[in-house]
Amino acid sequence: MSLKDDLTKIKDQGLTSIADADDLQTLNDIRVKLLGKKGPITSALRGIRDLAVEERPVVGGYANEIRDVLTEKIEQQKQYLEDLALQAKLNSETIDVTLPGTPVRQGQPHVIQQIIDQVVDLFIGMGYQVLTGPEVEEDKYNFEMMNLPKDHPARDMQDTFYLSDDILMRTQTSPMQARTLETHDFDAGPLKMISPGIVYRRDTDDPTHSHQFHQIEGLVIDKHITMADLKGTLATMIEQIFGSKFDFRLRPSYFPFTEPSVEVDVTCFNCMGKGCDICKHTGWIEVLGAGMVHPNVLRMANVDPDVYGGFAFGIGPDRFAMLKYGVDDIRDFYLDDVRFLSQFNRKGG
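Sequence order as written defines the numbering, with residues in each chain counted from 1. In keeping with the predicted nature of the model, local features appear solely for residues at pLDDT of at least 70, side-chain atom pairs appear and are counted solely at 80 or more, and the whole-chain, interface and lining totals rest on all residues. In computing side-chain values, all of the structure's heavy atoms are included and hydrogens and water are not.

**Some points on the packing of aromatic side chains**
Ring pairs shown here join Phe, Tyr and Trp side chains whose ring centres sit within 6.5 Å, with only the six-membered ring taken for Trp; geometry is labelled stacked below 30 degrees between planes, edge-to-face above 60, and tilted in between. For the structure on display, the rule yields 11 aromatic pairs. Centroid distance phenylalanine 246 to phenylalanine 269: 4.6 Å. Interplanar angle 50°. Geometry classified as tilted. On the criterion of sequence distance, the pair formed by phenylalanine 246 in the loop between α8 (227-242) and β6 (248-255) and phenylalanine 269 in the loop between β7 (258-267) and β8 (284-293) is long-range, its members being 23 residues apart. Each ring, one from phenylalanine 340 and one from phenylalanine 344, has its centre 5.3 Å from the other, and the planes form 75°; the classification is edge-to-face. For phenylalanine 340, a relative accessible area of 15% corresponds to the buried category. When a residue's accessible area, from a 1.4 Å probe over protein chains only, is under 20% of the maximum for its type it is buried; when over 50% it is exposed; and in between it is partly exposed. Residue classification places phenylalanine 344 among the buried residues on the basis of a relative accessible area of 6%. Chaining the aromatic ring pairs together yields one cluster made of Phe123, Tyr128, Phe311 and Phe313. In this arrangement the basic side chain of arginine 179 is found over the ring face of tyrosine 141, its NZ or CZ atom lying 4.2 Å from the centre. Secondary structure counts use DSSP, requiring at least four H or I residues in a row for a helix and at least two E residues in a row for a strand, with both numbered from the N terminus. Ring-over charges, as used throughout, are those where CZ of Arg or NZ of Lys falls within 6 Å of the ring centre and within 35 degrees of the ring normal.

Here it is in structure tokens:
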């Protein structure tokens, strides 16, 4: 058998092997076997030196032709197998868009945050600024500028966590009122602000007390502000949070930073004013404190109390949530029990 016949046999066998290859790894093995340095074509070409001089270019050209045929066939088969593999993968990963989607559980704001959002939205609509301040506060702003000097007995009711003699965890959001009073330009208009945030006191945690809770304080300072303005503002807020079926009353009280001062009571949610154990048979439940800003507070902020006056109030969203929904343990709000928290929808209803 001639060398040309050997090359023809290699081509025929190679084409058959390539056509039978059913995966890319097998095809690659065939490529290495046929076209590699140790393959049959390379071995056959070593016999060219034994041929007559005039036959060498003919056989050499035929060998190159066979190599090109096999290379082209391998590439065609490779492309075919790759397309086949891609189609199989697409078929296995096909998504039926008509199938129902996997349900995703939708969360909601925490019930206390819902109350805060309601109050903030209301006062923004009434033209108030929303200002927040540092939780680590100076004694000067937390107490002294609120008419609570260092020896004032009312400080005992707001015992807090001190970081140094003059730095503490704030007990109320009132410090932001003092800071704003110092810088507000009354020639540009009145001061109307609320200050929401977290406050801290050294209370023992129990069903009605927590060492950390939320507060929203409000302040209005302008000329000719009266108690009637305060009452109208509180009436609007209480109706917004609790609804129109609840009445409220102002009861004389005492706070160092307001004079006169009032406690605000709302119709008992349990008995609707008839009297029960929850409201101690009075028909009322205390919800917040308020009053007209004390002249000393204005003087310490360099605001003339003979020209300007105003009112302030402070509410506890945690307490509002307890009263609105009949929750008897404030700690339930902080235990992150989804079964409990999911009862309160986004609207706070």
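**Side note on the sheet that holds strand β1 (residues 129-130)**
Within the open sheet, the seven strands sit side by side as β1-β4-β5-β9-β8-β7-β6. Their pairing is mixed. Looking at the sheet topology across the chains shown, the edges are occupied by β1 and β6. Here the rule is simple: two strands pair whenever DSSP picks up at least two bridges between them. Bridge analysis of β8 against strand β9 (residues 309-315) gives five bridges, and the strand direction is antiparallel. Note that in β9 the partner of glycine 289 across the bridge is glycine 314. Note on definitions: a residue-residue contact is assigned when non-hydrogen atoms from the two residues lie within 4.5 Å. With axes taken as lines fitted to C-alpha atoms, and helix axes fitted only over the stretch in contact, angles between N-to-C directions fall between 0 and 180 degrees. The strands touched by α8 are β6, β7, β8 and β9; relative to β9, the strand with the most contacts, the crossing angle is about 30°.

**Structural notes on the layout of surface pockets**
Buried and open spaces are told apart on a 1 Å grid over the protein atoms alone, a cavity being a set of points where a 1.4 Å probe fits but cannot get out and a pocket being an open set with protein on both sides within 12 Å along at least five of seven lines. Residues with an atom within 4 Å of a point are the lining residues. Grid points are joined across faces, edges and corners, and a volume is the space filled by probe spheres set on the points. Quantified by volume, the second largest pocket comes out at close to 190 Å³. Side-chain classes are defined by residue name, with Ala, Val, Leu, Ile, Met, Phe, Trp, Tyr, Cys and Pro counting as nonpolar, Asp, Glu, Lys and Arg as charged, and the others, Gly among them, as polar. When its residues are assigned to classes, the lining of the second largest pocket shows four nonpolar, five polar and one charged.

**Structural notes on the nonpolar core**
Residue types Ala, Val, Leu, Ile, Met, Phe, Trp, Tyr and Cys, when buried and joined through side-chain atoms within 4.5 Å, form a set referred to as a nonpolar core. With 45 residues, the main nonpolar core has Met237, Leu288, Phe313 and Phe333 as its most contacted residues. Breaking this core down by element, the ones donating at least two residues are α5 (111-125), β5 (212-222), α8, β7, β8, β9, α10 (317-325) and α11 (338-341). Sort the elements by how many residues they give to this core and α5 lands first, with eight residues. Counting 21 residues, the second largest nonpolar core, distinct from the first, contains Phe255, Phe257, Val297 and Val303.

**Some words on α10**
All of the buried residues along α10 are Pro317, Asp318, Phe320, Ala321, Met322 and Leu323. Of the surrounding elements, those touching the buried residues of α10 are α5, β5, α8, β8 and β9. One or two steps after α10, the chain reaches glycine 326, where phi turns positive at roughly 70°.

**A few points about the packing of α5 against α8**
Between two packed helices, what matters for the description is the angle formed by their axes and the separation of those axes. It is the contact of α5 with α8, at a shortest axis distance of 10 Å, that shows an interaxial angle of 140°. Judged by the inter-axis angle, α5 sits oblique to α8. At the point where α5 passes α8, the crossing takes the right-handed sense. Listed contacts from α8 to Ile115, Gln118, Val119, Leu122 and Phe123 of α5 are Thr233, Thr236, Met237, Gln240 and Ile241. Residues of the contact of α5 with α8, tallied by class, amount to six nonpolar, four polar and no charged. Angle categories: roughly parallel below 35 degrees, roughly antiparallel above 145, roughly perpendicular from 65 to 115, and oblique for all the rest. Definitions for this section: a left-handed crossing has its near helix turned counterclockwise from the far helix by less than a right angle. A right-handed crossing has that turn clockwise.

None of this, on its own, says anything about what the molecule does.
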